[in-house]
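# Overview (structure and organization)
So you can see what is in the structure, the chains are spelled out below.
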Amino acid sequence: MSEYISNPDEAREFQSRYKNLSIFIVVTLVIFVLRLAWLQVIQGSELRQFSEKNRIKQNKIAAPRGLILDRDGKALIENLPGFEVVISPQYIEDMKQLAEVVGPVLGLEPAKVIEKIQKNKRVNGPFALIRLKDNLSREEVFRLKRVRLDTPGLEIRESIVRHYPLGEDGAQLFGYVGEISKNEIAKLNEKYRSEIIFEQGDIVGKSGLEEYLERKIRGTDGVSYIQVDAHGRETVTEIPNIYGEKIKDLDSVHGNSAFLTIDRDIQEAAYKSFTNLNRIGALVAMKSNGEILAWLNAPSFDPNYFATDIPVRIWNKLTSDPFKPLRNKVIQDHFSPGSTFKPLVAVAALQDKVITDKTVLNAPGRFFFGGRWYHNHNKNGEGLITVYDALERSSNVFFYQLGIKLGIDKMYNYISLLGLGSRTQIEMTREAPGRLPSSEWKKSIRGEEWQPGENLSTAIGQGYVAATPLQMALAYNTIATEGKVVKPFLVKKVVDHDGKVLFERFPEVLRDVTLPQPNGYKIDVDTFRIVKEALRRVTNGTRGTAKNLKIPGVQMAGKTGTAQVMSFTADQIYAKCESRPIHMRHHGWFVAWAPWDKPEITVAVLAQHSCHGNPGAAPIARDVIEAYFKKYHPDIIAEALKKGDKHAVQIMHVPAEGD
Amino acid sequence: MALRGLHVNERNFLNRIDIRLILLILCLNVIGLFNLYSATHGPHSRDVESLFLQQIIWLLGGWTIFFIMTFLDYIWVNKIIWVIYLLNVGALVYTDLKGKVVLGGQRWIDLHFFRYQPSETMKLCLILILARILLNRNSTGRGMGLRELFFPLILIIVPFALTVKQPDLGTAMMLMFIGGTMLFFVKIRKSILAFIVVTGLVAMPIAWKYGFKDYQRNRVLTFLSPDQDPQGTGYNSIQSRIAVGSGKFFGKGFRMGTQSQLEFLPERHTDFIYSVLSEEWGFVGSIIVLFTFAFLFKICFEIGLQARDKYGALITIGVTAYIFWHMFVNVGMVIGLLPIVGVPLPLLSYGGSGMITTMAGMGLVSSIAYRRYLF
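In what follows, the accompanying structure is described.

The rules behind these values
- Residues numbered from 1 in each chain as written.
- Chains lettered and ligands numbered in written order.
- Predicted model: local features only at pLDDT ≥ 70, side-chain atom pairs only at ≥ 80, totals over all residues.
- Heavy atoms only, no water.
- Helix = DSSP H or I, 4+ residues; strand = E, 2+ residues; numbered from the N terminus.
- Buried < 20%, exposed > 50% of the residue type's maximum accessible area, 1.4 Å probe, protein only.
- Contact = heavy atoms within 4.5 Å.
- Areas by Shrake-Rupley, 256 points an atom, 1.4 Å probe, with all protein chains shown as cover.
- Salt bridge = Lys/Arg side-chain N within 4 Å of Asp/Glu carboxyl O.
- Phe/Tyr/Trp six-rings, centres within 6.5 Å; stacked < 30°, edge-to-face > 60°.
- Lys NZ or Arg CZ within 6 Å of the ring centre and 35° of its normal.
- Disulfide = S-S within 2.5 Å.

### With respect to the overall build of chain A
For chain A, the count of helices and strands is 25 helices and 22 strands. Sorting the 659 residues of chain A into buried and exposed places 56% on the buried side. The long-range fraction of contacts in chain A, counting pairs at least 24 apart against all pairs at least 6 apart in sequence, stands at 73%. A total accessible area of about 29000 Å² is found for chain A, and carbon and sulfur atoms account for 52% of it.

So this is what it looks like as structure tokens:
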């Protein structure tokens, strides 16, 4: 390395060159400063005016979201024309005056209006539009139009109001829309990267199908460009315009519409039955090929409130309600299936040859195992019974014995074939997987060995087992169809605005469990037939737990169930249910299909805190099935009535003895 | 000063490091981040919002490299610069063949976590390789003749040609300016300087006719008379001038610039970042930034003068030229003194490759300061 310092000539040369470069830099900077002074100080006012007088305002034309229709094309979600009032903050001249003019018209305190504008400016930046109120009434529009010209920044725009004709009915399924929040902007832009760009002010689906179908039904927003003056009012300036002429407006593209598998008539029948009995809970009805016909949760909310600004009072009430009206319990919550689990255990036991349909077991009123007593709900017991009687009367003791004979892992291996313990993959977000325990599961989750006593509680659907109503419907549907596990689905097809079909889904059998499955197990058709006959007797036998429920000309098969909400001692369990505070009462279940031999429809009803499967849940399922046959097979019912099938017409609501 | 006259190694850390250099860079960083936040957070700019956070990450990376460079003796670069230079030329060739095309230019290699722009790092490589070659050239007397210039010129022309081909005329021009400044600094014969000027004048019309692409010709024409086609080619230039001018003396305020927030300004976060600053902070803000740069150059020159060896002095000149020419072309373009050329403003524009290169260059200068003579 040559040390140039040691060469004085070179050092001197460099010093003079530094000087030259410095001079060059200084001259450059002086020129720059002079130029800046010329632009910003001397021409500043002129150019400022230029920037203020000639602004192109981008107005977003929100695309109408697609309609949601039922299987017959009847509207489930539609659009209504409306008006909204928005503020462009950069054009506001006198915020106080604006608030005082606009506030009274909208029924808002002027201070609230100012607060809202300032909050929006803080959160979204000084140029973001503020939607003060949408879904304006005629009167509000009229009064606002009169003050508009004297109130810079104020604007009335046409908007689209999402309307839910069914109101509360199925609200958790259909979901609702609302203005996108700051967090959602980032989240949705990440999720739909390079497909849709979300911006502040956009209306998006917040839950249910509105959220799930966002990409399909959203449409493409348009843009209109208008030249505005410094107050945001449309203008034409005399200065030749350097932006406007060549920029073309972009029309919005109407969102695609979705046809669901839902049948509005059945949906409404289900809602009517649920509300008439004043029940809390969830219901799902599906065709045997997997098409969902009805889906509801109670209590519910009216999404039409959400289409505009949700009043805080209503929102607080909804979120603090202990029975969770916003939750989609059909798939988002899981519950102990109670006795509705017994047919699945029966399938496992029959298939594993632990019993046959002729095996007779003694089923007394209580059963001693592992040092303690396990109880039957009928204290007198059922005596010597077969699997048919055990399911018809819902004997606990019979199934305790099956639980012991099978052990948890065999139960797990057979019953998992029917879909319990795994998500159904229906087109909805946040589906719960449910829980089907096995000894391995307990060891990995809890680090404990499986206790023999737990076989007993599992066999009657208590303990760790938990399922969503949709999973229960699917499991029973598999029994009804003798082994065909179908894919449940909600969206039949999506069509664009011209009616062109963009997407269509057809019923699909995911697996046939009469053939050996990956875990090495299978279930024979004969096994299913035995259980089907047993479940037919539940509604048709002389001692069936739902024998009071009949539909003229149609034989149902199903099973009642009661799920304990909390543990009680044996003698407390049934004696006092109705007298307990409501949140401590048992959940009632009923899962059924019809006709029992050639299934068309499967229904699962969960009636929370109704104490019994029947009359808690079962009458609702009956009503739904009846509505289905009245619509699709009116001849069967008419014929049966003509024959005077007295027995069939008789519908009694007798409180069931047990479960 | 008690430390005066002590051997380099005997001075302690804080006295060796040039704290003024660090403060000036930090000052530009802070201004840059405020300004970038405004430029990326308009009402319709969701697509660029995340760039602000990315820039902070680049900045942290940049400072890490800065300090690594500071504490390493810059002599080590001399040993491996050939390898780095050749690798960088290789990357340029690869980019020309298979690079990622964005906005009509094929300038990037997609590394998945970020897009690497080899022409950006080439600037620093060129500085270092020229410093090494020019070390052995005599700076006194008549200066370098054709024979002595031949090799350095090849080293400049190869990356220059590869960058022109992308096409990225702005960056190519930067390579030429940086290299030219270093050659001039070492001294070129007067006859050759005259020859270059004459050739340039002759070559200009030829290049205009055959070498330039349509859009490049348009930019120059637009620069000469911007109001001819205000909708098309003159749009950027006019919008930028309106933005700068409308800032007036004190500016419109943070995030209040209508030209940038309402998206009249193109490329707000990269090439036209200075317009955003001028609009929102006015004459005062614009001047402060220019003065900060001026101080930075002054300190760099001081460091160069006190450098331990010629190698350090040449590197300092190269890095200073790098920052100066970028500032010169960028600000000149934004305020309407030069045609529109896509060149970022160091430390203020968004850009990962640029930020890392700038900070690495400043790190080298800092390293030279760390090892300078103090008398």
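### A few points about the pattern of salt bridges
Side chains that carry opposite charge are capable of pairing whenever their charged atoms lie near each other. Residues and elements named next belong to chain A. Considering all chains together, one arrives at 49 salt bridges over all chains under this definition. Across the salt bridge formed by R131 and E179, the nearest N and O atoms sit 2.9 Å from each other. Placement of R131 in strand β4 (residues 130-133) and of E179 in strand β6 (residues 177-179) is noted, with a sequence separation of 48 residues between them. Residue R393 pairs with D389 through a salt bridge whose shortest N-O separation is 4.0 Å. In this pair, R393 and D389 both sit in helix α15 (residues 387-393), four residues apart, roughly one turn of the helix. Assessed through its relative accessible area of 17%, D389 is described here as buried. Here the salt bridges do not stand alone but share partners, grouping R65, R162, D202, E210, E214, R218 and D221 into one network.

### Some thoughts on the packing of aromatic side chains
All chains considered together, the criterion is met by 38 aromatic pairs over all chains. Taken together, the ring pairs in this structure connect F24 and F32 of chain A together with F177, F293, F297, F324, W325 and F328 of chain B into an aromatic cluster. Sitting above the plane of the F503 of chain A ring, K216 of chain A keeps its charged end 4.2 Å from the centroid. A cation over a ring is seen here: R115 of chain B above W108 of chain B, with NZ or CZ 4.9 Å from the ring centre.

### Here we look at the state of the cysteines
Residue and element names in this part refer to chain A. Taken as a whole and assessed by the stated rule, the structure comprises one disulfide over all chains. Two residues, C577 and C611, share a disulfide whose sulfurs are 2.0 Å apart. Residues C577 and C611 share a disulfide whose torsion about the S-S bond is about -95 degrees; that sign makes it left-handed. Of the two residues, C577 is situated in the loop between α22 (572-575) and β21 (587-594) and C611 in the loop between β22 (601-608) and α23 (618-632); the sequence distance between them amounts to 34 residues. With respect to burial, C577 and C611 carry one shared label: buried.

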